[in-house]
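The residues making up each chain are set out below.
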Amino acid sequence: MSSASQAPHGDLGPVLTVRDLEVTFPTARGPLRAVGGISYSIDPGRTLGVVGESGCGKSVSALAVLGLVPPPGQVTGGTIALGTLEVTAMDEGALPAIRGERVSMIFQEPMTALNPVLSVGQQIAEAWALHRAGTAADAREAALTMLERVRIPNPVERYANYPHQMSGGMRQRAMIAMALACGPELLIADEPTTALDVTIQAQIIELMMEMQAEFGMAIQFISHNLGVVSEIADDVMVMYAGHIVEMASTEQIFSNPRHPYTKALMETVPRLGARATRLPTIAGTVPDLLDLPPGCPFSDRCPLADEGCRQAAPTLDDLGGGHLAACFKSQEDGP
Amino acid sequence: MNAAHHAMTKPAMGARTVWSLFFHRLGAHRLAVGSAVFLAVLGVLAFATPAIEAVLGVDANLVDLSRRFQGPSRAHLLGTDELGRDLLVRLLYGGQVSLFVGIVAALASAVTGTVVGLLAGYYGGRLDAFLMRLTDGVIALPLLPLLIVLAALDLTKLGLPESVVQDPNISLYRIIVIISLVGWTTVARLVRAAALSVREMDYVLAATAAGAGGLRIMAVHILPNVISPIIVASTLSVGNVILLESVLSFLGLGIQPPIASWGNMLTGAQELIWSSPELAFYPGMLIFVTVIAFNFLGDGLQDAMDPRAIEG
């Protein structure tokens, strides 16, 4: 049981491999493709930042990794593999064995992601006991160790606290302790800092990086905050309307964004020292996923779009140096 | 102050604030407190009846035709009934039966209702549809005729061993089973409704993402969050069960004499209502007051356990 997580990840290839993943929700107006065939992978110990607006499919694709696409949605195509284990081929009943053990998740709002009627310690102990054999005392011991490792002062005292007795930052630390209790290979963080104020946000980011150094897990870090992503991620994947529009190393994407959507996103971030003017916005709204334009999904809002963009959808191609973008214009430009 | 000392005091304080808040709010509900005290006294007296019999030197089932219809006296504090039995201890025995049937049947109904409600609310879909139609079906059953039929069932035909059928308390068990079979629907609906909202909570998703299975989610994460409607509804249903038991016993289908119950005491008293009204008055009044006390207590618990107050 524990051998999988203790084995060195290095020689096993990527921790997570997603191929042509498609997630569809049946609606009254027809099937809605929330994720429209995306492929990516994360290597051991690396952090992939996933950026995009609300509704671009970033959370749904993350939930798909755990087999937790909210019904009535379902994975309608593609494969997801944790190491060599194909999650998408697994039986529903076998999934709990990998959740928390090989892949865990932390959520945006730690107040609602922790059960209000159970003490924080009990919840961490439960996460441990779900995958490890041991007595209640062992579980308690493991939970106390985890509380200490996520730098919560007075673990013994905090063990008995209920979520409402903790601050937001403390709760998110507890959430991280719960997620890492069994030492998973992959941690999926769905906007873990969005609900926190800026100083606490920085502390949580720092903690996550320290935990990564200690536990060696890979992280899929979902956010709409480019600043936060630039701090923590090794690679960045930008999603739009259920598709990946650009994917590259953090360095490449921030120094040289190639997709017009990525560029537009970066212009919407206020800069320190810049003259106070109205912040630029991206014209238009996210397209209706039930009624996508026939060509590039961004063509309606793209300043560079021409007839060709509106007729055929670009594929995600390497522009050189592992910098991928799905845009005819940037592909024409060359690297 | 050392760390160990901290560890000992702080959690206890946290736990105490939740409970002190609960008792504080319950205490503000005068009727509920009064009802709780009344029920506690009734309960203690009812279950101490054998001792009271010994102290007073009377026997609840001793027929003494020379002492029929006596008024209150030193020997019989409330007088005697039409067979010369002591009225007070018979009332207390009746209370024992009523409280026992009420509480056990309400608990059994609560357990069944909770299981049905959790399964329906958490899994949803077809299971939910099936269980809720079943619940609707049980609710739609004409209750009294059904209870009468069930109460008239010949238990030997059900294949129960002779020793069980001959048990003097069989009418007691039978009535508990009958009431539990039909009494779970309220709790089932309440729990389902609560579970439907709780299962959408992030902490249920978080627990699922940590690898918890369905049973564990229901028992550890959903149940504690829906416990207050269960407690309130069950308290209220104790009153209803006592009424139902009285009705069945009054009709001669519930608790069989010589075991005293408030319902069958009323049956015996109905022919004598003009000559000895007190024989009907005492059990009738006790049923009334006890049922009302359970209702007040239920209301008080509902106010005291309002989750918005506890979490805020």
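Note that the coordinates shown come from a computational prediction; the quantities given were computed from them, not determined experimentally.

1. Digging into the overall build of chain B
Next up, step 1: Along its length, chain B carries 14 helices and zero strands.
Next up, step 2: In sequence order, chain B lays out its α and β elements as α-α-α-α-α-α-α-α-α-α-α-α-α-α.
Next up, step 3: Out of the 312 residues in chain B, the part that is buried amounts to 43%.
Next up, step 4: Long-range pairs, those at least 24 residues apart, make up 69% of the contacts in chain B between residues at least 6 apart in sequence.
Next up, step 5: For chain B, the accessible area works out to roughly 15,700 Å², and carbon and sulfur atoms hold 69% of it.
Next up, step 6: A gap of 8 Å separates the mean positions of the 18 positive and 20 negative side-chain charges of chain B.

2. Notes on the state of the cysteines
All names here are of chain A.
Next up, step 1: Considering all chains together, one arrives at zero disulfides over all chains under this definition.
Next up, step 2: Counting only cysteine sulfurs, Cys302 is the nearest neighbor of Cys327, a cysteine outside any disulfide, at a range of 5.9 Å.
Next up, step 3: Residue classification places Cys327 among the buried residues on the basis of a relative accessible area of 6%.

3. Digging into the nonpolar core
Residue and element names in this part refer to chain A.
Next up, step 1: Counting residues in each nonpolar core, the largest one holds 104 residues, and the members touching the most others are Tyr40, Leu186 and Met208.
Next up, step 2: Looking at this core, the element that brings in the most residues is helix α7 (residues 168-180), giving eight residues.
Next up, step 3: Beyond its immediate sequence surroundings of up to four residues, Leu186 is in contact with Val15, Leu16, Ile42, Val65, Leu82, Arg102, Val103, Ser104, Met217, Ala218, Ile219 and Gln220.

4. Topic: the pattern of salt bridges
Residues and elements named next belong to chain A.
Next up, step 1: Applying the stated criterion to the full structure yields 16 salt bridges over all chains.
Next up, step 2: For Glu53, the salt bridge identified is with Arg301, shortest N-O distance 3.4 Å. In this pair, Glu53 sits in the loop between β3 (47-51) and α2 (58-65) while Arg301 sits in the loop between α11 (260-267) and α12 (307-311), placing the two residues 248 residues apart along the sequence.
Next up, step 3: By relative accessible area, Glu53 is classed as partly exposed at 23%.
Next up, step 4: Owing to a relative accessible area of 10%, Arg301 belongs among the buried residues under this scheme.

5. Here we look at the interface of chain B and chain A
Next up, step 1: Residue-level contacts link 20 residues of chain B with 26 residues of chain A.
Next up, step 2: Both faces considered, chain B and chain A share a buried interface measuring about 2,100 Å² in area, 66% of it formed by carbon and sulfur atoms.
Next up, step 3: The tally of links between chain B and chain A comes to one salt bridge.
Next up, step 4: Put simply, B:Arg216 and A:Glu126 hold a salt bridge, and the shortest N to O gap is 2.6 Å.

6. Things to note about helix α5 (residues 125-140) of chain B
Helical geometry: 3.6 residues make up each α-helical turn, so side chains three or four residues apart lie on a common side.
All names here are of chain B.
Next up, step 1: If you check α5, its first and last C-alpha atoms are 22 Å apart, about what 16 residues at 1.5 Å a residue would give, namely 22 Å.
Next up, step 2: Where α5 is concerned, the buried positions are Asp128, Leu131, Met132, Thr135 and Val138. All buried residues of α5 lie within an arc of 115° about the axis, which places them on one face of the element. Facing away from the buried side of α5 by more than 90 degrees, the exposed set consists of Arg126, Phe130, Arg133 and Ala140.
Next up, step 3: Contact partners of the buried residues in α5: α4 (87-123), α8 (170-183) and α9 (185-198).

7. Describing the packing of aromatic side chains
The geometry of an aromatic ring pair comes down to the distance between the two centres and the angle between the two planes.
Next up, step 1: Summed over the entire model, instances satisfying the criterion amount to five aromatic pairs over all chains.
Next up, step 2: Taking 5.1 Å as the distance between ring centres and 70° as the angle between the ring planes, the aromatic pair formed by A:Tyr261 and A:Phe298 counts as edge-to-face. On the criterion of sequence distance, the pair formed by A:Tyr261 in helix α11 and A:Phe298 in the loop between α11 and α12 is long-range, its members being 37 residues apart.
Next up, step 3: Geometrically, the ring pair formed by B:Tyr122 and B:Tyr123 is edge-to-face, given 5.1 Å between the ring centres and 70° between the ring planes.
Next up, step 4: Judged by relative accessible area, which is 17%, B:Tyr122 ranks as buried.
Next up, step 5: Residue B:Tyr123 is classed as partly exposed on the basis of its relative accessible area, which comes to 43%.
Next up, step 6: Taken together, the ring pairs connect A:Tyr240, A:Tyr261 and A:Phe298 into an aromatic cluster.
Next up, step 7: In this structure, A:Arg140 is placed above the aromatic ring of A:Tyr159, and the distance from its NZ or CZ to the ring centre is 4.5 Å.

8. Let's talk about the packing of α9(B) against helix α11 (residues 214-250) of chain B
The angle between the axes and the distance between the axes are what describe a pair of packed helices.
Residue and element names in this part refer to chain B.
Next up, step 1: Packing of α9 against α11 leaves a shortest axis separation of 9 Å and a crossing angle of 150°. Comparing the axis directions of α9 and α11 gives the class roughly antiparallel. Remark: the crossing between α9 and α11 carries right-handed chirality. Here α9 contributes Val187, Leu190, Val191, Ala194, Ala195 and Val198 to the contact with α11, which in turn contributes His221, Ile222, Asn225, Val226, Pro229, Ile230, Ala233 and Ser234.
Next up, step 2: Residue composition of the contact of α9 with α11, by class: 11 nonpolar, three polar and no charged.

9. Observations regarding the environment of B:Pro258
Residue and element names in this part refer to chain B.
Next up, step 1: Turning to its location among the elements, Pro258 is positioned in the loop between α11 and α12 (262-270).
Next up, step 2: With 168 residues separating them along the chain, Pro258 and Arg90 place their C-alpha atoms 10.0 Å apart.
Next up, step 3: Not counting the four nearest positions on each side in its chain, Pro258 is found in contact with Asn61 and Arg90.

10. Topic: unusual backbone geometry
Residue and element names in this part refer to chain A.
Next up, step 1: For the bond running from Pro71 to Pro72, omega is 10°, close enough to zero to count as cis.
Next up, step 2: Even without being glycine, Asp20 reaches a positive phi, approximately 50°.
Next up, step 3: Along the chain, Asp20 falls in strand β1 (residues 16-27).
Next up, step 4: Assessed through its relative accessible area of 48%, Asp20 is described here as partly exposed.
Next up, step 5: Look at Glu191: it is not a glycine, yet its phi comes out positive at around 50°.
Next up, step 6: In this fold, Glu191 is placed in the loop between β7 (186-190) and α8 (198-215).
Next up, step 7: Among the residues examined, Glu191 registers a relative accessible area of 6% and is labelled buried.

11. Examining the side chain of B:Ser261
Residues and elements named next belong to chain B.
Next up, step 1: Turning to its location among the elements, Ser261 is positioned in the loop between α11 and α12.
Next up, step 2: Judged by relative accessible area, Ser261 falls into the buried class, the value being 0%.
Next up, step 3: Separated by 3.1 Å, the side chains of Ser261 and Glu245 make a polar contact.
Next up, step 4: If we skip the residues at most four places from it in the chain, Ser261 touches Gly94, Val97, Glu245, Ser249 and Ile255.

12. A look at the sheet that holds β1(A)
Whenever strands of a sheet pair, they do so through backbone hydrogen bonds, lying parallel or antiparallel.
All names here are of chain A.
Next up, step 1: Across the sheet, four strands lie side by side as β2-β1-β4-β5; this open sheet has antiparallel pairing. Two strands lie at the open edges of the sheet, namely β2 (30-42) and β5 (85-86), each paired on one side alone.
Next up, step 2: The pairing of β1 with strand β4 (residues 74-82) spans seven bridges and is classified as antiparallel. Of the residues in β4, the one forming a bridge with Glu22 is Gly77.
Next up, step 3: Against the sheet, α2 touches β1, β2 and β4, its axis set at about 115° to β1.

Rules and cut-offs
Residues numbered from 1 in each chain as written. Chains lettered and ligands numbered in written order. Predicted model: local features only at pLDDT ≥ 70, side-chain atom pairs only at ≥ 80, totals over all residues. Heavy atoms only, no water. Helix = DSSP H or I, 4+ residues; strand = E, 2+ residues; numbered from the N terminus. Buried < 20%, exposed > 50% of the residue type's maximum accessible area, 1.4 Å probe, protein only. Contact = heavy atoms within 4.5 Å. Areas by Shrake-Rupley, 256 points an atom, 1.4 Å probe, with all protein chains shown as cover. Lys, Arg positive; Asp, Glu negative; His and termini not counted. Charge placed at Lys NZ, Arg CZ, Asp CG, Glu CD. Disulfide = S-S within 2.5 Å. Core = buried A, V, L, I, M, F, W, Y, C linked by side-chain atoms within 4.5 Å. Salt bridge = Lys/Arg side-chain N within 4 Å of Asp/Glu carboxyl O. Buried area = accessible area lost by both parts, 1.4 Å probe. Expected span 1.5 Å × (residues − 1). Arc of directions from axis to C-beta. Phe/Tyr/Trp six-rings, centres within 6.5 Å; stacked < 30°, edge-to-face > 60°. Lys NZ or Arg CZ within 6 Å of the ring centre and 35° of its normal. Axes fitted to C-alpha atoms, helices over the stretch in contact; angles between N-to-C directions. Parallel < 35°, antiparallel > 145°, perpendicular 65-115°, else oblique. Left-handed = near helix turned anticlockwise from the far one by under 90°. Nonpolar A, V, L, I, M, F, W, Y, C, P; charged D, E, K, R; others polar. Polar contact = N/O pair within 3.5 Å; in protein donor to acceptor, adjacent residues only side chain to side chain. Pairing = 2+ DSSP bridges.

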